[in-house]
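Here are the chains, one letter per residue:
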Amino acid sequence: MTNHWLDLQNAKVFLIEGSNAASNHSMSTRWIDKARANGAIVIHVDPRFTRTSSMADIYARIRPGTDIAFLNAIINYVLQNKFYDEAFVKTHTNALYLVNKDFGFQDGLFSGWQSDKHNYETATWAYQLDGAKKPQKAASLDDPHCVLANTKRFYERYTFQTAEAISGVPAEQIKLIADTLVKNRPATILYALGMTQHTTGVQNIRSFAILQLLLGNIGKPGTGINALRGEPNVQGATDMALLYNYLPGYVAYPTANEQTLEEYAKAHGTFRVKWLINGLKAWFGDNATPENDFGLAWLPKATAGKSYSIFTMLDNAQAGKMKLLYVVGQNVMISNPNLNLVHDALGKLDMLVVQDLWRTETACFWEKAGTDPKTIKTEVLLLPVAYFMEKEGSITGSGRMVQWRYKAVEPPGQAKGDLEVFDQVFRRVRQLYQNSNAPKDEVLKKAVWDYSGPDGQVVAESVLKEINGRNWKTGELVAGIAALQADGSTSSGNWIYAGVFAGGKNLSKRRDNKTDPSGLGIYPGFAWTWPGNMHILYNRASCDAEGRPFDPAHKIVWWDEQQKKWAGFDTPDVPAPTDGPDTPNGQKPFRMLAEGVGRLMATPYTDPDPKEKELIRDASYVPGDGPLPEFYEPVESPTVNALHAGVQNNPILKYPRLKSGQPIGTTADFPYVLVTSTIAEHWCAGSVTRNVPWLNELVPEPMVAMPENLAEQLGIRADDQVKVWSARGEAIVKAQVTKRMDSLQINGKEVFVVWMPYNWGFKGLSKGASANLLTIDAGDPNTGCQETKACLVNLKRVGSTRA
Ligand SMILES: Nc1nc2c(c(=O)[nH]1)N[C@H]1C(S)=C(S)[C@@H](COP(=O)(O)OP(=O)(O)OC[C@H]3O[C@@H](n4cnc5c(=O)[nH]c(N)nc54)[C@H](O)[C@@H]3O)O[C@H]1N2
Ligand SMILES: Nc1nc2c(c(=O)[nH]1)N[C@H]1C(S)=C(S)[C@@H](COP(=O)(O)OP(=O)(O)OC[C@H]3O[C@@H](n4cnc5c(=O)[nH]c(N)nc54)[C@H](O)[C@@H]3O)O[C@H]1N2
Ligand SMILES: [Mo]
């Protein structure tokens, strides 16, 4: 989230798109309801009418995978009619920056397309630079080469009528939604999996960014782009480098081209190298010195441009190239798409280690129906672990708030907390390698590993202390990011968490829910929010160029002329608190981008470091599939791309990845669109909830939901047994015939969408067919996020469950 949960109460409009917040983030409704009581308007865009739709003033039914067409029509309307916030756009975005004159877009492809390599050369997307390698700016927004002009030209094709033909949302309704957003500010956007689980997932979110930047809806109370995160600690997990291409704190993972700190700085900038040095110091301690580049050589290096996502792992397992897979808290035999292939891959491993609470479908993959366990050579080890109330530690929620949780009960039997398991595994592995001289094993020998208290038990807080960081000479815990140095005198396991343990106090334990000086829901003494206890990111953008709040009645930060520093109810999001609006640092509301302003076009730019000859201060990354979001059909689609039939799907996508096991179905055999998701009554893979009898009573089995008109066509009645099959697998489940689903008119043809929950499998108290037997394992080419919100299936009645 750019903003945070309590801030939802400050919005005048909610655009909830690709999220069933009322079911899956039910706490959000407390703050949405508070805003509604003050007259806020709720817009919900979803292929299904859900509990969230029932709280909406405007519900728009959309075809899965077509949000870019829908959003681009709104953006086009804003641009054509100059409904954008001109002061905000000129000061806080790259609208005035001049773009390379060779930039263009034609027939579905941006300039720089390399058909042999299947990707883009991005030079033509770049800014025009001056002699000091700084971007050149136009005198006015009318300059035909500025970002805003390029953006406007790109969006012209997206009329309300075009968007209706692609998405199924009626043109008048798109206009109504656009007008509602234009006339009522601030507006906030809430999104989740309906937007991300697509082969255009990153560009879906880019559309949100462009819309909110144009409307001036960033950095202020009641605004923002708010990802409602999933698993309780998934925000914390991604902060701590669960993502394969990052070290903790979203610091680019070093590749084999970056063997030294200098090479790393050349590629990623001196800004990021500082965080890397503090990380290395935290991980390797006294072994990390300036002379040995703080032990950078000991970190395993990635191959540049290679994906290390779960798909790569499973593809490697499938090809027999992976020996051991260690699965912690994930039930891949339920939650990954194309499950028949996953099953095949697990059976080709030498060993599978599962660290879980239960004997899950993954731990028991050899029990799947139709499998002869004798043909599987994989040895499986199950390590039983404690559940959340049986251990202590921190949880970071969607609003980046870190909260401490305490242990309530002892774990049963031999189960141990994950931290304790990792501690024991690490110590034993290190023991095994103590006599090795191989360079690749240095990482094991040189790592700092001491998380034990006096009694030898691991102490969770000692991990949080390492994450916070220390002054390496005095041993004192650092007070915040500003204290971190690039010379090895400080450490921090994750720079964005520096300050969580300021003054030796675990601030994530704080619980002051009374003190809110802003009156806007910012409680600085409740827990601790990264970075630096900042609740609203980009909050510098809530002020004009001079540092005065655009909306004095809802101010959160400002430039204090008397004190000569940035001040406020929230921690100001500025590079340096004493660098005023008359300095370059005072005009960088988006300081994590090399140019410091919000990007309407995402152009490649590296910022030269004035202090370091030949090095850059910062490099910013661009999505591989374009500087602006273009609509492409899902891999399996019920229609042709209405904008450019020659480029049907995301052009940089490489799918299928394997020679077999990844077939692509077409409408001739699979006429219906399947969307999958979770339900309020079960949790994800269902490993936990399908073992709770009360929840099984609420929703005892999986189903396929379909509209009444489709059920009638196929002769299906409610509760009939229905076979659902795709190019990859089949499932037999109960029919749910419902008015909540409906068909859509797409490119002049009727298209039917059906839905299945993905929470079932063959273990647990409630068993049922897995939806992921049907889904496709194509992923967004930038992130690898699976396209489990759109694939093609067929349906047939196979029997009745009625007496
Ligand atoms: N009770 C409960 N709560 C949960 C979970 C749970 O299992 N149970 N899971 C947690 C986890 S891990 C996560 S990630 C979150 C998920 O939270 P959500 O993202 O809300 O979950 P979904 O229901 O998968 O997807 C949201 C909506 O997107 C819609 N959708 C599908 N395709 C599209 C599309 O192309 N465009 C648009 N506009 N909408 C689309 C779906 O119909 C669905 O209603 O919930 C978390 N909360
Ligand atoms: N078709 C389709 N597939 C999807 C999705 C979809 O919308 N559609 N959503 C996707 C999303 S967003 C997600 S997050 C995934 C979720 O998929 P998974 O992560 O596979 O599912 P979970 O059920 O949340 O949890 C996995 C396991 O963690 C175990 N567990 C719980 N607590 C602990 C603990 O403290 N320690 C350890 N070691 N284990 C623990 C549980 O017993 C469970 O077996 O599914 C994805 N798959
Ligand atoms: Mo999730």
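Residues numbered from 1 in each chain as written. Chains lettered and ligands numbered in written order. Predicted model: local features only at pLDDT ≥ 70, side-chain atom pairs only at ≥ 80, totals over all residues. Heavy atoms only, no water.

> Looking at this structure, how should I read the overall build of the protein?
Scanning the protein from N- to C-terminus turns up 20 helices and 29 strands. For the protein, whose C-alpha radius of gyration is 26 Å, the value lies close to the compact-globule estimate of 28 Å for 803 residues. Taken along the three principal axes of its C-alpha coordinates, the protein extends 80 × 70 × 60 Å. Taking all 803 residues of the protein together, the buried fraction comes to 56%. Of the contacts formed within the protein by residues at least 6 apart in sequence, a portion of 68% connects residues at least 24 apart. The positive charge centre, built from 84 side chains, and the negative charge centre, built from 84, are 2 Å apart in the protein. (Helix = DSSP H or I, 4+ residues; strand = E, 2+ residues; numbered from the N terminus. Rg over C-alpha atoms; globule rule 2.2 N^0.38 Å. Buried < 20%, exposed > 50% of the residue type's maximum accessible area, 1.4 Å probe, protein only. Contact = heavy atoms within 4.5 Å. Lys, Arg positive; Asp, Glu negative; His and termini not counted. Charge placed at Lys NZ, Arg CZ, Asp CG, Glu CD.)

> Help me understand the pattern of salt bridges, please; the structure alone is not making it clear to me.
A side chain with one charge can pair with a side chain of the opposite charge if their charged atoms come near. This structure, assessed with the given rule, holds 36 salt bridges. Residues Arg359 and Glu367 are paired through a salt bridge, measuring 3.5 Å at the closest nitrogen-oxygen approach. The class of Arg359 is partly exposed, set by a relative accessible area of 47%. With relative accessibility at 32%, the residue Glu367 sits in the partly exposed group. A salt bridge links Asp720 to Arg797; the shortest N-O distance between them is 2.7 Å. Separated by 77 residues along the polypeptide, Asp720 in the loop between helix H20 (708–714) and strand E24 (721–725) and Arg797 in strand E29 (residues 791–799) bring together distant segments of the chain. Accessibility expressed as a relative area gives 2% for Asp720, which makes it buried. Three or more residues are tied together by salt bridges with common partners; here these are Lys134, Arg272, Asp607, Arg617 and Asp618. (Salt bridge = Lys/Arg side-chain N within 4 Å of Asp/Glu carboxyl O.)

> So what exactly am I meant to see when it comes to the site of ligand 2 here?
Neighbouring ligand 2 are 31 residues, the closest being Glu231, Ser335, Asp356, Lys391 and Asn772. The side chain of Tyr758 places a nitrogen or oxygen atom 3.3 Å from an oxygen atom of ligand 2. Asn772 places a polar side-chain atom, nitrogen or oxygen, 2.6 Å from a nitrogen atom of ligand 2. Its free accessible area being 920 Å², ligand 2 has 86% of it covered by the protein chains. For the shell around ligand 2, the elements supplying multiple residues, two or more each, are strand E13 (351–356) and strand E22 (672–677). Here the residues of the shell around ligand 2 are counted per class, giving 12 nonpolar, 14 polar and five charged. (Near = heavy atom within 4 Å. Polar contact = N/O pair within 3.5 Å; in protein donor to acceptor, adjacent residues only side chain to side chain. Areas by Shrake-Rupley, 256 points an atom, 1.4 Å probe, with all protein chains shown as cover. Nonpolar A, V, L, I, M, F, W, Y, C, P; charged D, E, K, R; others polar.)

> Sorry, what's going on with the domain arrangement of the protein here?
As a measure of interface size, the accessible area lost when the parts come together is often cited. When cut into domains, the protein gives domain 1 (5–227), domain 2 (310–432) and domain 3 (672–799). The straight-line distance from the C-alpha centre of domain 1 to that of domain 2 is 38 Å. (Domains from an automatic or database assignment.)

> Help me understand the packing of helix H3 (residues 67–80) against helix H5 (residues 147–155), please; the structure alone is not making it clear to me.
Relative placement of two packed helices is described by the angle separating their axes and the distance separating the axes. The geometry of H3 relative to H5 is characterised by a closest axis approach of 9 Å and an angle of 130° between their N-to-C directions. In terms of orientation, H3 and H5 fall into the oblique class. The two elements H3 and H5 cross, and the hand of that crossing is left-handed. On the side of H3, the interface is formed by Asn72, Ile75, Asn76, Leu79 and Gln80, while H5 contributes Leu148, Thr151, Lys152, Phe154 and Tyr155. Split into classes, the residues belonging to the contact of H3 with H5 amount to five nonpolar, four polar and one charged. (Axes fitted to C-alpha atoms, helices over the stretch in contact; angles between N-to-C directions. Parallel < 35°, antiparallel > 145°, perpendicular 65-115°, else oblique. Left-handed = near helix turned anticlockwise from the far one by under 90°.)

> Mind showing me how you'd approach the site of ligand 1 here?
Surrounding ligand 1, one finds 31 residues, the nearest of these being Asp46, Gly65, Asp67, Thr678 and His682. In this structure, a nitrogen atom belonging to ligand 1 sits 2.7 Å away from a main-chain N or O atom of His682. Those elements giving two or more residues to the shell around ligand 1 turn out to be helix H1 (21–24), strand E2 (41–46), helix H8 (193–196) and E22. Its residues placed into classes, the shell around ligand 1 shows 11 nonpolar, 14 polar and six charged. Each of domain 1 (5–227) and domain 3 (672–799) accounts for three or more of the residues forming the shell around ligand 1.

> Can you walk me through helix H7 (residues 171–183) in this structure?
One turn of an α-helix holds 3.6 residues; hence residues three or four places apart share an orientation. End to end, H7 covers 18 Å across 13 residues, agreeing with the expected 18 Å (1.5 Å per residue, within 8%). Along H7, the residues that are buried comprise Ala171, Gln173, Ile174, Ile177, Ala178, Asp179, Thr180, Leu181 and Val182. (Expected span 1.5 Å × (residues − 1).)

> Explain the packing of aromatic side chains to me, please; I cannot follow it from the model alone.
To describe a pair of aromatic rings, one takes the distance between the centres and the angle between the planes. For the structure on display, the rule yields 33 aromatic pairs. Where Phe105 meets Phe154, the ring centres are 5.2 Å apart and the plane angle is 85°; that geometry is what we call edge-to-face. A residue pair is termed long-range when its members are at least 10 positions apart, and Phe105 in strand E4 (residues 105–106) and Phe154 in helix H5 qualify at 49 residues. The exposure class assigned to Phe105 is partly exposed, which follows from its relative accessible area of 22%. Look at Phe154 and you get buried, because its relative accessible area is 5%. Members of the aromatic cluster, connected to one another through ring pairs, are Phe103, Phe105, Phe110, Trp113, Tyr120, Trp125, Phe154, Tyr155 and Tyr158. (Phe/Tyr/Trp six-rings, centres within 6.5 Å; stacked < 30°, edge-to-face > 60°.)

> Teacher, can you tell me more about the sheet that holds strand E9 (residues 225–227) here?
Where strands meet in a sheet, backbone hydrogen bonds hold them as pairs that are either parallel or antiparallel. The strand order across the open sheet built from five strands is E3-E2-E1-E8-E9, with neighbouring strands paired in parallel fashion. A single partner strand is all that each edge strand has here, and the edge strands are strand E3 (58–61) and E9. Taken pair by pair, the neighbouring strands of this sheet meet at an average axis angle of 15°, ignoring direction. Two strands pair when backbone bridges link them, and strand E1 (residues 13–17) and E2 are joined in this way by five bridges, in the parallel orientation. Looking at E2, one finds that Ile16 is bridged to His44. Contacting E1, E2, E3 and strand E8 (187–191), H7 runs over the sheet at an angle of about 135° to E3. (Pairing = 2+ DSSP bridges.)

> Where do I start with the pairing of strand E21 (residues 616–620) in this structure?
Side-chain direction in a regular strand flips from residue to residue, so the side chains alternate between the two faces of the sheet. In terms of residue burial, E21 counts as a mostly covered element, since five of its five residues are buried. For strand E20 (residues 605–608) and E21, the ladder comprises four bridges, and the chain directions are antiparallel. Bridging across to E21, Tyr605 finds its partner in Ser620.

> In this structure, what is going on with the environment of Thr303? I would like to understand it.
Among the secondary structure elements, Thr303 is positioned in the loop between helix H12 (270–284) and helix H13 (310–318). Take Thr303: its relative accessible area is 45%, and that puts it in the partly exposed class. For the pair Thr303 and Ser620, spaced 317 residues apart in sequence, the C-alpha separation works out to 19 Å.

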